[in-house]
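Chain and residue survey
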Amino acid sequence: MPDVIFQRFLANSVTAADDLVRRSDVLRVFNDSGAPAAFFCEYAVPYLQRLPDGVVCVHAGPVRAIVHFPADYLRSTDPHLYLRVAAVATPDIVHPNIRGPGVCLGSAFRAGTGLAVILRELYEIFTYANYSLVSSLNPEACRLLRAHRHLLESLAPPPLVRRSLNLQVKVTAR
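What counts and how
- Residues numbered from 1 in each chain as written.
- Predicted model: local features only at pLDDT ≥ 70, side-chain atom pairs only at ≥ 80, totals over all residues.
- Heavy atoms only, no water.
- Helix = DSSP H or I, 4+ residues; strand = E, 2+ residues; numbered from the N terminus.
- Buried < 20%, exposed > 50% of the residue type's maximum accessible area, 1.4 Å probe, protein only.
- Contact = heavy atoms within 4.5 Å.
- Areas by Shrake-Rupley, 256 points an atom, 1.4 Å probe, with all protein chains shown as cover.
- Lys, Arg positive; Asp, Glu negative; His and termini not counted.
- Charge placed at Lys NZ, Arg CZ, Asp CG, Glu CD.
- Axes fitted to C-alpha atoms, helices over the stretch in contact; angles between N-to-C directions.
- Parallel < 35°, antiparallel > 145°, perpendicular 65-115°, else oblique.
- Nonpolar A, V, L, I, M, F, W, Y, C, P; charged D, E, K, R; others polar.
- Disulfide = S-S within 2.5 Å.

A count of helices and strands for the chain gives five helices and eight strands. When the backbone C-alpha atoms are referred to their principal axes, the chain occupies close to 65 × 60 × 30 Å. Looking at the chain residue by residue over its 174 residues, the buried ones come to 40%. Sequence separation of at least 24 residues holds for 62% of the intrachain contacts in the chain that already meet a minimum separation of 6. When the accessible area of the chain is evaluated, it comes to approximately 10,300 Å², of which 55% is carbon and sulfur surface. One way to put it: in the chain the 18 positive side-chain charges average out to a point 7 Å from where the 14 negative ones average out.

The interhelical angle for the contact between helix H1 (residues 4-22) and helix H3 (residues 115-126), taken along N-to-C directions, is 40°, at an axis separation of 7 Å. Accordingly, the angle class assigned to the pair H1 and H3 is oblique. In this structure, H1 uses Ser 13, Ala 16, Ala 17 and Leu 20 to contact H3, whose residues at the interface are Leu 115, Ala 116, Leu 119 and Arg 120. For the contact of H1 with H3, the class distribution of residues is six nonpolar, one polar and one charged.

A covalent bond between the sulfur atoms of two cysteines is what we call a disulfide. Scanning all chains against the criterion turns up zero disulfides. Cysteine Cys 41 shares no disulfide, and the gap to the nearest cysteine sulfur, in Cys 104, comes to 17 Å. Exposure remark for Cys 41: the relative accessible area of 0% places this residue in the buried category. As a non-bridged cysteine, Cys 142 has Cys 104 as the owner of its nearest cysteine sulfur, 11 Å distant.

Rendered as structure tokens:
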């Protein structure tokens, strides 16, 4: 028997995420119709890339991720649920919140967090607006960024959403 509450959660999450995507020039989200609770996300933002020789440099992007809501998402008490919800599909990214495909969505992440909120959080992570250099998922990235803070200064991420303008046109007769 399908979980009606979970299906409504997904529908509401998709609606809110679609609104966010419409207002963004950097975010694209695709839903795999075979897996209605899985979303492929692409952020057109620069990131710190580790090259095969170990050198870290700025890459123009994009950063790719997958968001998947497991069947127990709304009732889970797993303190590491975020590791089952979001995964990074850009293997060469260097970030304190990312190790392998795992991404830490922060200590405030809870079951029931909607897709649009997760998309915003991933944007904050991928643009290095949200990270910790003290306690993190990737201690090696912490050490690197503590020693080379100039790397973060070389990033210039675009905003997630376009700024709305409230322009009024006044036509005067001559």
